[in-house]
Amino acid sequence: MTKRILIKNATVVNEGKSRLADVLIENDKIASIEDSISLKHPDTRVINADGLYLLPGMIDDQVHFREPGLTHKADIESESKAAVAGGITSFIEMPNTQPQAVTIDELEKKYSRAKEVSWANYSFMMGGTNDNLEEVLKVDPKTVAGLKLFLGSSTGNMLVDDEKVLEEIFTKTPLLISVHCEDENIIKENTKKYTEEYNGDIPIEKHPEIRSAEACYTSSSKAIALAKKTGARLHVFHVSTGAETKLFSNKLPLKDKKITAEVCIHHLWFTDKDYAEKGTKIKWNPAVKTKKDREQLWEALLDNRIDVIATDHAPHTLEEKNRTYLEAPSGGPLVQHALVALLEMYHKGKISLEKIVEKTAHNPSILFQIKDRGYIREGYKADLVLVDLNAPWTVKKENIFYKCGWSPFEGTTFKSRITHTMVNGDVVYEKFNFTQRGKVERLAFDR
Ligand code: DOR
């Protein structure tokens, strides 16, 4: 039996335009988008979207869901639920789990687990190391989002620092290569210097001086030079400095770019002034930097040198985060609050709704060549989000869905709320409640 949902009278935000329309979903797909669609089948579920905005679900290209091995922090089920509550309908998860996803076998175990428990569509990245090139070369690019390389160490000890290996990977793999760029030697030197200066008790405010703009620029520019030399397809994750934005170009349409960039919510929202209040809760790698860096990130995002917005959702327990600067791990949970944070920036006049949709849904779809998702188009998968732009709520412990139970946004009031999230045509989150886990799919790639 065909399952039908008719969304009536939504402002549909898609492909640079917003217009009032009705959207009919049949089974897992968008069947039609018209000014007005009349009800033909009495068993159709009708959602009255008067005053609501319909967006394609966000495709988050960088999350850490911690499963397997680190499930005291988070797991695929808990975080994918938080993700759909936040309007994210597909995610790409990172390999720094335990064990690390550095063999096809480990990678496929993650896919199997997600198939059982995830609330959103999923893909997992293969991890590169100093010694797994042979395994990397076996990965079929049609089945996996890409290869992740840590060119600076972070949670999980996955540093790739053998330059010969790096060049070989860049030369030989047909996979999209995503990189974490921070120069290890600069970080090490800075850590040593500040540890001596502060006798081990470094204030969190020094984080962006230790994981410095120079460390980011040195590493990103090296990765980009190597990609240019080898012809590799490079995607630079979480650009955090103004200097790095100058390394990217907006001359080509995204589909033709060989070098692309991502910016994360925390680098668009926080600045180094926030360390005083938030402490290690906003300790991320790369670090949140200055107001000027944030402005330059916004500029590069809006002029299309930066292509996508993601979360780098990286939960740790509060107990872990409350340790001293050197002991507290980097990263924080974001998937539940990313889209509403962007909508807050829309309210502040920083970004249009159409641009939010471009950077969170259309562009990840183009960049990763994701099949049939990321747009509100007939024949595409019904991964959709309804938002109320005028329903203020405050982030509190009681309304946080992350397993770790905290958020760097606690106490923040957002004007907008997600009212419904649909994944493959199933309503999985509605009016601040989860309904039921629906159909979820492994992302497929048109490559
Ligand atoms: O802050 C971060 N945390 N940056 C990363 O690159 C890794 C992440 C994590 O996994 O905790």
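Structure first, text after, so check above.
The model shown is predicted, which means the values in this text are computed figures rather than measured ones.

**Description of the site of the ligand**
Part 1: By nearness alone, 14 residues border the ligand, and Arg66, Asn96, Thr155, His180 and Asn285 come closest of all.
Part 2: In the model, an oxygen atom of the ligand is placed 2.9 Å from a nitrogen or oxygen of the His180 side chain.
Part 3: Protein coverage of the free-state accessible area of the ligand, which is 290 Å², stands at 100%.
Part 4: Classifying every residue of the shell around the ligand by side-chain character gives 3 nonpolar, 9 polar and 2 charged.

**Considering the sheet that holds strand 11 (residues 177–180)**
Part 1: In space, the 6 strands of this open sheet follow the order 9-10-11-12-13-14, with parallel pairing throughout. Each edge of the open sheet carries a strand with a single partner, namely strand 9 (126–127) and strand 14 (308–310).
Part 2: With 3 bridges connecting them, strand 13 (residues 259–264) and strand 14 associate as parallel partners. If you follow Glu262 over to strand 14, its bridge partner there is Val308.
Part 3: Contacting strand 10 (147–150), strand 11 and strand 12 (234–236), helix 4 (residues 163–172) crosses the sheet at an angle of about 160 degrees to strand 10.
Part 4: With respect to the sheet, helix 7 (residues 213–230) is in contact with strand 11, strand 12 and strand 13, its orientation differing from that of strand 12 by roughly 165 degrees.

**Points about the environment of Gln100**
Part 1: Mapped onto the secondary structure, Gln100 falls in the loop between strand 7 (88–93) and helix 2 (104–117).
Part 2: Linking Gln100 and Gly128, residues 28 residues apart in sequence, is a C-alpha distance of 9.7 Å.
Part 3: A polar side-chain atom of Gln100 sits 3.5 Å from the main-chain carbonyl oxygen of Asn157.

**Looking at the pairing of strand 5 (residues 53–56)**
Part 1: Across 2 bridges, strand 1 (residues 4–14) lies against strand 5 in parallel orientation. Along strand 5, the bridge assignment pairs Thr11 with Tyr53.
Part 2: By the bridge criterion, 4 bridges tie strand 5 to strand 15 (residues 384–388) in an arrangement that is antiparallel. Considered in strand 15, the bridge of Pro56 is made with Leu384.

**Some words on the pattern of salt bridges**
Part 1: Per the stated rule, a full pass over the model turns up 32 salt bridges.
Part 2: Between Glu135 and Lys138 there is a salt bridge; the shortest N-O distance is 3.2 Å.
Part 3: Asp307 is the partner of Lys257 in a salt bridge, and the nearest nitrogen-oxygen pair spans 2.7 Å. Of this pair, Lys257 sits in the loop between helix 8 (242–245) and strand 13 while Asp307 sits in the loop between helix 11 (291–302) and strand 14, placing them 50 residues apart in sequence. In this pair, the class of Lys257 matches that of Asp307, namely buried.
Part 4: A network of salt bridges, in which partner residues are shared, links Asp28, Arg373, Lys381, Asp383 and Glu441.

**Brief notes about the sheet that holds strand 7**
Part 1: Strand order in this open sheet of 3 strands is 6-7-8, and the pairing throughout is parallel. Of all strands in the sheet, those bounded by a partner on one side alone are strand 6 (58–63) and strand 8 (121–124). Taking the axes of each pair of neighbouring strands and ignoring which way they run, one obtains an average angle of 20 degrees across the sheet.
Part 2: Examined bridge by bridge, strand 7 and strand 8 share 4 bridges and lie parallel to one another.

About the thresholds
- Residues numbered from 1 in each chain as written.
- Predicted model: local features only at pLDDT ≥ 70, side-chain atom pairs only at ≥ 80, totals over all residues.
- Heavy atoms only, no water.
- Near = heavy atom within 4 Å.
- Polar contact = N/O pair within 3.5 Å; in protein donor to acceptor, adjacent residues only side chain to side chain.
- Areas by Shrake-Rupley, 256 points an atom, 1.4 Å probe, with all protein chains shown as cover.
- Nonpolar A, V, L, I, M, F, W, Y, C, P; charged D, E, K, R; others polar.
- Pairing = 2+ DSSP bridges.
- Helix = DSSP H or I, 4+ residues; strand = E, 2+ residues; numbered from the N terminus.
- Contact = heavy atoms within 4.5 Å.
- Axes fitted to C-alpha atoms, helices over the stretch in contact; angles between N-to-C directions.
- Salt bridge = Lys/Arg side-chain N within 4 Å of Asp/Glu carboxyl O.
- Buried < 20%, exposed > 50% of the residue type's maximum accessible area, 1.4 Å probe, protein only.

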